[in-house]
Amino acid sequence: MASATHLPPLPGIRDIIRLYRLRAKKQLAQNFLMDMNLTRKIVKTAGNIDKGHVCEVGPGPGGITRAILEKDIERLVVVEKDERFLPGLELLKSASSGRMDIILNDILQQDMAGLFPTELAKPWKDKPPNIHIIGNLPFNVSTPLIIRWLEQIANQKGAWSYGRTPLTLTFQKEVAERMVAGIAEDQRSRLSIMCQYLCKVKLNFVIPGQAFVPAPDVDVGVVHFVPLIKPRINLPYKLVERVVASVFHFRRKFSKKGVEILFPPNTRAELTNEVFEKADLSPKIRAYQLSVEEVGRIASAYQTICDRTPGLDDYDYRSRESLRELKELRAKRQEMALIMMGSSD
C-alpha cells in the first residue's frame, strides 16, 4: 500500500497565486489546476511512486508538486521555464525535507539523461525503473514535447537511458483521444501510430476545462505511457516518422495517395505499386483504417526501396525541384493525350 508523507502547513494554491501575484500567461498557454483532489488523482494514476524519483514538467504554482511530495518519494526534480513561479516552488522545496530540486529551464531544451542516479537504471527488458515523469503541460508544448520524447524512447536516450521510464502527462482532450484511437476510429491519426508503436498508451481520465484557471475552451485528458519492450515497428524512428507523416497527410483518402509523395514524380507510380505489393495491402485502404503492423509493412517496403536507391530518403515532394519535375511530367502527359486524340481522328 502506498504511504503518505505529511507536509508542514503551507499556504493554499490560490493563496500562493495571490501572494506572488501570479497570472497565467496566454502566450505560454498556461492553465492552473487548483483542485488538490484532481492533482492527487493525476499522481495516483501515475502508479506507485513510493521510494521513487520523479521529474515534474511545468509545475507552475505547485498543485501537482504538492501531491507528489505527499507521497513517500525519494526525490523530486521540477523543471520550470517561468521564473515567476520560483518563490512558490522554493516554499515547497523548503518544506520537502530535502527531497526536492528546482531546475529553471525550457523542458524542450532540458537534457533528461543526467536527472537521475545511474544506479536506478534497469535493462530495457526488465520492469520499468522507479523513475516517473509527470506533468500538466501547456498546450503549445505538449505535442512537440511528446514527439521529441518518443524519438528518445525509440533510441533509448534521455530519461529512457535508464530503462522503460513511464510518463503521465496532460493534453487537450482531442490530442489525448488521437493518441489512444483504434483502427478506423474518428481520431485515428499520425499521432496514434507514433505513440502506439512505441508505448502502451492509456487515457486515464478527463478533466473538465472548467477545473482550470483560466478555463480553456477544451477539456483535458490525462494520458499514461509505458514504453514497450519491443516496438511494434522494428525500424529506425526517423524512417517510421517519415512514412507515417506521408501516409496520414491524406488521412481519409486512399493510403496510396500518401505513399505517392514519398517518391519523385518520374518513378512515383511504379514505386508506389511496389510498396503495396510488398506490404500485401490494397492501395485503396484508407490511412485511418491501417493497423500499426500494416503501417510497419509499408515502412519496411519503403526501406527496401531506399536501400537500393541512394538519396531517396532525402526526397521532399514540396521542394522546388520536385514541383518542377511534377509540372513537367503533367505537361508531357497532356501532350501525349493530345497526340493520342489527334491520331484517333
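Residues numbered from 1 in each chain as written. Predicted model: local features only at pLDDT ≥ 70, side-chain atom pairs only at ≥ 80, totals over all residues. Heavy atoms only, no water.

(A) Seen up close, the packing of aromatic side chains. If you walk through the whole model with that rule in mind, you get 5 aromatic pairs. Look at phenylalanine 32 and phenylalanine 85: their rings are 5.7 Å apart centre to centre, the planes differ by 80°, and that puts the pair in the edge-to-face class. With phenylalanine 32 in strand E1 (residues 32-33) and phenylalanine 85 in the loop between strand E3 (75-80) and helix H4 (86-94), this residue pair connects regions lying 53 residues apart in the sequence. Positioned above the aromatic ring of tyrosine 288 is the side chain of arginine 252, whose terminal nitrogen or guanidinium carbon lies 4.5 Å from the ring centre. Lysine 257 extends its terminal NZ or CZ atom over the ring of phenylalanine 250, reaching a point 5.0 Å from the ring centre. (Phe/Tyr/Trp six-rings, centres within 6.5 Å; stacked < 30°, edge-to-face > 60°. Helix = DSSP H or I, 4+ residues; strand = E, 2+ residues; numbered from the N terminus. Lys NZ or Arg CZ within 6 Å of the ring centre and 35° of its normal.)

(B) Representation of the packing of helix H10 (residues 268-279) against helix H11 (residues 292-308) in the model. Contact geometry of H10 with H11 gives a least axis separation of 8 Å together with a crossing angle of 130°. As summarised for this structure, H10 and H11 are arranged oblique, according to the angle between their axes. H11 is crossed by H10, and the crossing has right-handed handedness. Of the residues in H11, those in contact with Leu271, Glu274, Val275, Phe276, Lys278 and Ala279 of H10 are Arg297, Ile298, Ala301, Tyr302, Thr304, Ile305 and Arg308. Here the residues of the contact of H10 with H11 are counted per class, giving 8 nonpolar, 1 polar and 4 charged. (Axes fitted to C-alpha atoms, helices over the stretch in contact; angles between N-to-C directions. Parallel < 35°, antiparallel > 145°, perpendicular 65-115°, else oblique. Left-handed = near helix turned anticlockwise from the far one by under 90°. Contact = heavy atoms within 4.5 Å. Nonpolar A, V, L, I, M, F, W, Y, C, P; charged D, E, K, R; others polar.)

(C) Focus on the packing of helix H8 (residues 237-247) against H11. Where H8 meets H11, the axes come as close as 10 Å, and the angle between the chain directions of the two elements is 115°. Regarding the angle of H8 to H11, the classification is roughly perpendicular. The chirality of how H8 crosses H11 is right-handed. Every residue of H11 that contacts H8 at Leu239, Arg242, Val243, Val244 and Val247 is listed here: Val295, Ile298, Ala299, Tyr302 and Gln303.

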